[in-house]
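This is what each chain is made of:
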Amino acid sequence: MKSRFFLALLVSASFSGVSAQAQANGLPAPPVATSATSTGPAVPSSRTQSQTDSARAYSTQALRFESSWGSANIIRGAEGPVVGTVGWFRDFDVPKLVESSPRAVAEARNFQTKNFRGSLVSSLGAATAAIGIVVSANSSNNAASPILIIGGVGAIGWGLQHINAGYAALSKALWWYNRDLAH
């Protein structure tokens, strides 16, 4: 089977007259023009039309996100509308947005879990560190103040790590959605 495939590729390459010059010099190949007298099969116009429609649909339906100061806007298309905002304690139903792709839904749920945990623990850590700073600023010789500060900063770090992992899962969810959108 593989030898037949290789033989077919070899025969089609020898008859098509297309050169591999673009690979040799690193420049893109010029578009191949077909004429009415060519011996090769003509590409049906419906195929070209469907490829154009598919590309147009992809460019208007694909999702991406732009992050800014702890939140991210999920945007449809290159210049499209914002379809949702996610971030610290912002609950947007990302799994419903990407429901056409099962793998994207799994990653979106992973994002929601990690983002909520990270937001919660980071907020608690910030409150704990602030309490520790207030206690130490009152000039009290209390052993709890450094423990509160260190514990709070540690919780902030752990939470931010989970928020970062959540955004990685969001990126994967949108990638899977866009991949399945192209098919």
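All of these numbers come straight from a predicted model, not from anything done at the bench.

Definitions and limits used
- Residues numbered from 1 in each chain as written.
- Predicted model: local features only at pLDDT ≥ 70, side-chain atom pairs only at ≥ 80, totals over all residues.
- Heavy atoms only, no water.
- Helix = DSSP H or I, 4+ residues; strand = E, 2+ residues; numbered from the N terminus.
- Buried < 20%, exposed > 50% of the residue type's maximum accessible area, 1.4 Å probe, protein only.
- Contact = heavy atoms within 4.5 Å.
- Expected span 1.5 Å × (residues − 1).
- Core = buried A, V, L, I, M, F, W, Y, C linked by side-chain atoms within 4.5 Å.
- Pairing = 2+ DSSP bridges.
- Axes fitted to C-alpha atoms, helices over the stretch in contact; angles between N-to-C directions.
- Phe/Tyr/Trp six-rings, centres within 6.5 Å; stacked < 30°, edge-to-face > 60°.

### Focus: the overall build of the protein
A tally of helices and strands in the protein yields six helices and three strands. In the protein, the succession of α and β elements from N to C terminus is α-α-α-β-β-β-α-α-α. Taken across its 183 residues, the protein has 23% of its residues classed as buried. Partitioning the intrachain contacts of the protein with sequence separation of at least 6 by distance along the chain shows that 51% fall at a separation of at least 24.

### Topic: the side chain of Ser119
Along the chain, Ser119 turns up in helix H5 (residues 102-137). Sequence-distant contacts of Ser119, that is, excluding residues within four places in its chain, are made with Gly87, Trp88, Phe89 and Ile163.

### Things to note about H5
Compared with the 52 Å implied by 1.5 Å per residue over 36 residues, the 52 Å span of H5 between its first and last C-alpha is a close match. When we look at burial in H5, the residues that qualify are Ala104, Val105, Glu107, Ala108, Phe111, Asn115, Gly118, Ser119, Ser122, Gly125, Ala129 and Gly132. Summarising the contacts, the buried residues of H5 are in contact with strand S3 (82-87), helix H4 (94-97) and helix H6 (144-181). Just downstream of H5, Ser139 is the residue with a positive phi angle, here 60 degrees.

### Remarks on the nonpolar core
Counting 19 residues, the largest nonpolar core has Ile74, Val86, Val98 and Leu170 as its most contacted members. Those elements that provide at least two residues to this core are strand S2 (71-76), H4, H5 and H6. Broken down by element, this core gets its largest block of residues, eight residues, from H6.

### Thoughts on the environment of Phe92
Tracing the backbone through its elements, the reader meets Phe92 in the loop between S3 and H4. Sequence separation between Phe92 and Gln112 is 20 residues; the distance between their C-alpha atoms is 8.9 Å. Ignoring any residue separated from it by four or fewer positions in sequence, one finds Phe92 in contact with Ile74, Val83, Gly84, Thr85, Val86, Leu97 and Gln112.

### Observations concerning the sheet that holds strand S1 (residues 63-68)
Read from one edge of the open sheet, three strands run S1-S2-S3, paired in antiparallel fashion. At either end of the open sheet lies a strand with only one pairing partner, and these are S1 and S3. Sheet twist, expressed as the average angle between the axes of neighbouring strands with direction ignored, equals 25 degrees. Pairing analysis gives six bridges linking S1 to S2, with the strands arranged antiparallel. Bridge pairing links Ser68 to Ser71 in S2. Along the sheet, H6 contacts S1, S2 and S3; its crossing angle with S1, the most-contacted strand, is approximately 160 degrees.

### A look at the packing of aromatic side chains
In total, this model carries three aromatic pairs according to the counting rule given. Summarising the aromatic geometry, the rings of Trp175 and Trp176 are spaced 4.9 Å apart at their centres and angled 85 degrees between planes, so their arrangement reads as edge-to-face. An aromatic cluster of three or more residues is present, and its members are Phe65, Phe111 and Tyr167.

### Comments concerning the environment of Leu120
The topology assignment puts Leu120 in helix H5. Its relative accessible area of 35% is what places Leu120 among the partly exposed residues. In this structure the C-alpha to C-alpha distance between Leu120 and Ala155, which are 35 residues apart in sequence, comes to 9.7 Å.

By themselves, these figures tell us nothing about what the structure is for.
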